[in-house]
Amino acid sequence: MKNFLVGAHMSVAGGIHLAIERAINYGFNCLQIFTHSPRLWNAKKISQKEITLFNEFKSEIRCVVVHAPYLPNLASPDKTILDKSINTVYNDLIVADEINADFYVIHPGSHKKSGVDNGIQTLTNSLINIFRNYPPNLTFLLETMPGAGATIGGSLNELARVINNVHSKLPNVKIGICVDTAHVFAAGIDIRNETAVDDFISDISKTVGRTAVKIVHSNDSFEPLASKKDRHNHIGKGEIGIKGFENMMKKSLFRKLPWILETPKSNENSDIENKTALMNIYNNLINS
Ligand SMILES: [Zn+2]
Ligand SMILES: [Zn+2]
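The structure reproduced in this document is the subject of the present report. Along each chain, the written sequence defines residue order, and numbers are assigned to residues from 1. Here chains are named by letter from A upward and ligands by number from 1 upward, in the order in which they appear as written. Per-residue local features of the predicted model are confined to residues with pLDDT of at least 70, and side-chain atom pairs are confined, for both listing and counting, to 80 or more; whole-chain, interface and lining totals are unaffected and use all residues.

As a further point, take the overall build of the protein chain. Helix and strand definitions here come from DSSP, where helices need a minimum of 4 consecutive H or I residues and strands a minimum of 2 consecutive E residues; each element is numbered from the N-terminal end. Each helix and strand in the protein chain was counted, giving ten helices and ten strands. We compute the radius of gyration from the C-alpha atoms alone; for a globule the expected value is 2.2 Å times N to the 0.38, where N is the number of residues. The C-alpha atoms of the protein chain give a radius of gyration of 18 Å, which matches the 19 Å a tight globule of 288 residues would have. Projected onto its principal axes, the C-alpha positions of the protein chain cover 50 × 45 × 35 Å. For the protein chain, buried positions account for 44% of its 288 residues. A pair of residues counts as a contact when their C-beta atoms, built from backbone coordinates, are separated by no more than 7 Å. Counting only contacts in the protein chain whose residues sit at least 6 apart along the sequence, the fraction spanning at least 24 positions is 74%. Residues with at least 20 other C-beta atoms within 10 Å of their own are called buried, those with 12 or fewer are called exposed, and the rest are partly exposed. The C-beta atoms themselves are positioned from the backbone.

Written out as structure tokens, the structure is:
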């Protein structure tokens, strides 16, 4: 068990240090947080005291992930939104480094109606702009998306184009991807079948490369395969089911990564139940 990296997205209500304390109390060795409310542009700044307290707990945790707020769109064709987005992510990255986060995860954004090529170009330019002004210590991750409408990241190929573009200008920037099980399933990858997982891995090898995959967002899905809809369900209780998670975890590429739950908090036991579901799969695999 101690080799299994597992965490959940934790609320920062009352301060970010309480999020890490809650994660430890639940028996997680990883956690993910927003540094502030994900639906506000101008959120209250984290105090130095919270940062110090957070870092005091850090030795008990093996992986800290900061999820970007939802409002920034680094691929926006609207200059005002774009500037605001760049600014927000830039400031958030500084905070994420202050709490010694390992990873920063962001949704690649939406090109609105400007077309995927323009969106990828805008996103690339935004990232280069941010990294030139603030090269973070942490590793920056683009998340796989269900691929609805004008969002970027519904395919590995789109993520690979962004990463390659950034690396062509800034070869030393640490940038990779986060695989969200509910999102890839909604994008049409039927992880309930092991061959589909094998195909997914060979697609990873041909696009972003295996080493680019840094974390798994482990969520079951309320929505059916290829629905392009994003609704998370409890592990084993949704359309993916236990078998899908088993298929993913069978592969060393995924098994050794941090598994971060973003499952519903239906009651106070939800996180523990979902953690147990993942740990049972892991333990069965390594003991078989
Ligand atoms: Zn996300
Ligand atoms: Zn999602």
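Time to look at the nonpolar core. Working definition: the nonpolar core is a set of buried Ala, Val, Leu, Ile, Met, Phe, Trp, Tyr and Cys residues, joined through C-beta atoms within 7 Å. Leu31, Val65, Tyr104, Leu141 and Ile177 are the most contacted members of the largest nonpolar core, which totals 76 residues. When near neighbours in sequence (up to four residues on either side) are disregarded, Ile177 contacts Leu141, Leu142, Thr144, Leu159, Val208, Ala212 and Val213.

Before going further, it helps to examine the sheet that holds strand E2 (residues 30-33). Only strands that DSSP links by at least two bridges are regarded as paired with each other. The strand order around the closed barrel formed by eight strands is E1-E2-E3-E4-E5-E6-E7-E10, and the pairing between neighbours is parallel. Sheet twist, expressed as the mean angle between neighbouring strand axes with direction ignored, is 30°. Of the pairings in the sheet, the one linking strand E4 (residues 103-106) to strand E5 (residues 139-143) comprises four bridges and is parallel in character. Paired with Val105 across the bridge in E5 is Leu141. Simply put, an axis is a line fit to the C-alpha atoms, just over the touching stretch for a helix, and the angle between two N-to-C directions goes from 0 to 180 degrees.

Handedness of the E4-helix H4 (residues 116-133)-E5 crossover: right-handed. Pairing of E5 with strand E6 (residues 175-180), which is carried by four bridges, proceeds in the parallel orientation. Paired with Leu142 across the two strands is Ile177, which belongs to E6. In this view, the connection linking E5 to its parallel neighbour E6 by way of helix H5 (residues 156-169) has right-handed handedness. With strands facing away from the observer, any crossover in which the path from the first strand over the helix to the second runs clockwise is taken as right-handed.

Before going further, it helps to spend a moment on the pairing of E6. Every other side chain in a regular strand lies on the same face of the sheet, so the side chains alternate between the two faces. With five of six residues buried, E6 lies mostly within the body of the structure. Where E6 lies against strand E7 (residues 213-218), four bridges are found, and the strand directions are parallel. Bridging from a neighbouring strand, Asp180 pairs with His217 of E7.

Before going further, it helps to spend a moment on the packing of helix H1 (residues 16-25) against helix H2 (residues 48-57). Relative orientation of the contacting elements H1 and H2 amounts to 20°, with a least axis distance of 7 Å. The orientation of H1 with respect to H2, classified from their angle, is roughly parallel. Note on packing geometry: the crossing formed by H1 with H2 is left-handed. Residues Ile16, His17, Ile20, Glu21 and Ile24 of H1 lie in contact with H2, whose contacting residues are Glu50, Leu53, Phe54 and Phe57. Under the scheme applied here, ten amino acids are nonpolar (Ala, Val, Leu, Ile, Met, Phe, Trp, Tyr, Cys and Pro), four are charged (Asp, Glu, Lys and Arg), and all others, including Gly, are polar. Of the residues that constitute the contact of H1 with H2, the class distribution is six nonpolar, one polar and two charged. Should an angle fall under 35 degrees it is called roughly parallel, over 145 degrees roughly antiparallel, and 65 to 115 degrees roughly perpendicular, with every other angle called oblique. By the definition used in this description, the sense in which the near helix is turned from the far one sets the handedness, with an anticlockwise turn below a right angle giving left-handed and a clockwise turn giving right-handed.

Our focus in this paragraph is the environment of Gly119. Within the secondary structure, Gly119 sits in helix H4. The residues touching Gly119, leaving out its near neighbours within four places in the chain, are Ala75, Gly109, His111, Ser114 and Ile152.

As a further point, take the environment of Val184. Checked against the element boundaries, Val184 lands in helix H6 (residues 181-186). A residue is classified by how many C-beta atoms lie within 10 Å of it, and Val184, with 27 of them, is buried. For Val184, the contacting residues outside a window of four places in its chain are Thr144, Val179, Ile189, Ile191 and Phe200.

What follows concerns the packing of helix H3 (residues 79-98) against H4. Look at H3 against H4: their axes get within 10 Å of each other, and the N-to-C directions meet at 40°. Relative to H4, the element H3 lies oblique. Here H3 and H4 pass one another in a crossing that is right-handed. Counted together, Leu82, Ser85, Ile86, Val89, Tyr90 and Leu93 of H3 and Thr122, Ser126, Asn129, Ile130 and Asn133 of H4 form the full contact between these two elements. A per-class count over the contact of H3 with H4 returns six nonpolar, five polar and no charged.

What follows covers the environment of Ala187. Counting through the fold element by element, Ala187 comes out in the loop between H6 and helix H7 (194-206). Each C-alpha atom of the pair Ala187 and Ser155 lies 7.8 Å from the other, and the pair is 32 residues apart in sequence. Beyond its immediate chain neighbours, meaning those up to four positions away, Ala187 contacts Pro146, Gly147, Gly154 and Lys228.

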